[in-house]
Amino acid sequence: MPPRRKTTKKGRKEKTKVGEIEVNSDGNSLRPVDVNNEHTQPPAAAVSAASAAVAAASESQMSSAAVDSITSKNSISISSSFNSRGRRRRSTPQTKSDGLNLSQAASTAQEQNSRKNRAKKSTTENKLAESPSNQPQITQFFPIRRSCRKMETEIKKEGDEELEKLIESKMQNGLEIKEFDGKGRGIVATRAFQRKDFVVEYAGELVDVPEAKDREVDYLVGQKGCYMYYFNHKDKNYCVDATAESEFYGRLVNHSRRRPNCVVKVVEVKGKPHLVLLALRDINIGEEILYDYGDRSKESLMAHPWLAL
């Protein structure tokens, strides 16, 4: 009887035929295959030849599998490196013009994107501007309150304009002439004046200083009273000569250094300076109008001691 074949736990071993040799998958159990008798005992030479054939076949299978793997991974690089005839392609280096073209294309694309964004933004703004607002406004419930307060510059401008009108009109209402013991004539208020109100103008003839000095000498020689007021305006010296008798009350206002209730201010009207008396404080009815002449010279104090009062 022929010998029994070796088996494993999984069952019989698989068999392959190489030529006329029957070979197991592990290559250990080999024997020749006879057409008439399948279980013929294999010779030793046949066994060694079959082992070599199996080893060669396994190596060829492994090498072909490795080549297929490498070729599949690098198919893109290999195909791009060779042309249709199998010759290696020459790599073309990138020139400076190519770099400029790429940068120009990038800048052009960026500019187009910015234009699109601006167009979208303007479209949105136009839609918002055209669409009516459905939200109620606060002015529908509360009236608009506008301040009645005026700026300081506006108040000053209006005051100057009003003062110019009073000077041009030669107004001296609310005043009268009164005799005082030891002083002679003076001016008394017949109505109340508030602080900074216009009281009266020191009206007279406007002359320059040399002319005023000459007139002053003539008045002293003629033993005539002198009603001259010297002042400076815009770096120029002037004098108002009110010595001559007139209907203007300003020339009769007396002096007081200690308790004045008026102050002198220079106001320019149509390019000509004028001297006006403004209320330094509130003036009551019946109160004498007084202001400081401002003369502190020794000669004047010796000639007129009342200037120190």
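Quick note: structure is the one above.
Read on for a plain summary of the structure.

Each value, and the rule that gives it
Residues numbered from 1 in each chain as written. Predicted model: local features only at pLDDT ≥ 70, side-chain atom pairs only at ≥ 80, totals over all residues. Heavy atoms only, no water. Helix = DSSP H or I, 4+ residues; strand = E, 2+ residues; numbered from the N terminus. Expected span 1.5 Å × (residues − 1). Buried < 20%, exposed > 50% of the residue type's maximum accessible area, 1.4 Å probe, protein only. Arc of directions from axis to C-beta. Contact = heavy atoms within 4.5 Å. Pairing = 2+ DSSP bridges. Axes fitted to C-alpha atoms, helices over the stretch in contact; angles between N-to-C directions. 1 Å grid on protein atoms, 1.4 Å probe; cavity = no way out; pocket = protein on both sides within 12 Å on 5 of 7 lines; lining within 4 Å. Points joined across faces, edges and corners; volume = space filled by probe spheres on them. Nonpolar A, V, L, I, M, F, W, Y, C, P; charged D, E, K, R; others polar.

**Some details on helix H4 (residues 152–169)**
Count 3.6 residues to each turn of an α-helix, and residues three or four apart come out pointing the same way. Its 18 residues give H4 an end-to-end C-alpha distance of 26 Å, which sits within 8% of 26 Å, the value for a rise of 1.5 Å per residue. For H4, the complete set of buried residues consists of Leu163, Leu166 and Ile167. One face of H4 carries all of its buried residues, which in axial projection span an arc of 95°. Facing away from the buried side of H4 by more than 90 degrees, the exposed set consists of Thr153, Lys157 and Lys165. Its buried side turned inward, H4 meets strand E6 (198–201), strand E11 (262–269) and strand E12 (272–279).

**As for the sheet that holds strand E8 (residues 228–232)**
Spatial ordering of the open sheet is given by E7-E9-E8, a layout of three strands whose pairing is antiparallel. Edge positions in the sheet fall to strand E7 (205–207) and E8, since each of these pairs with one other strand and no more. Within this sheet the neighbouring strands show an average axis-to-axis angle of 25°, counted without direction. Here helix H5 (residues 209–221) sits on the sheet in contact with E7, E8 and strand E9 (237–241), set at roughly 160° to E8.

**Re empty space enclosed by the protein**
Using a probe with the size of a water molecule, rolled over the atoms, empty space left in the structure can be pinpointed. The final tally for this structure, using the stated rule, is one cavity of 30 Å³ or more. Taken as a whole, the largest cavity holds about 60 Å³ of empty space. Looking at which element gives the most residues to the lining of the largest cavity, the answer is E6, with three residues. Among the residues forming the lining of the largest cavity, the class breakdown is six nonpolar, one polar and two charged.

Note that every value here comes from positions in space, so none of it alone points to a role or purpose.
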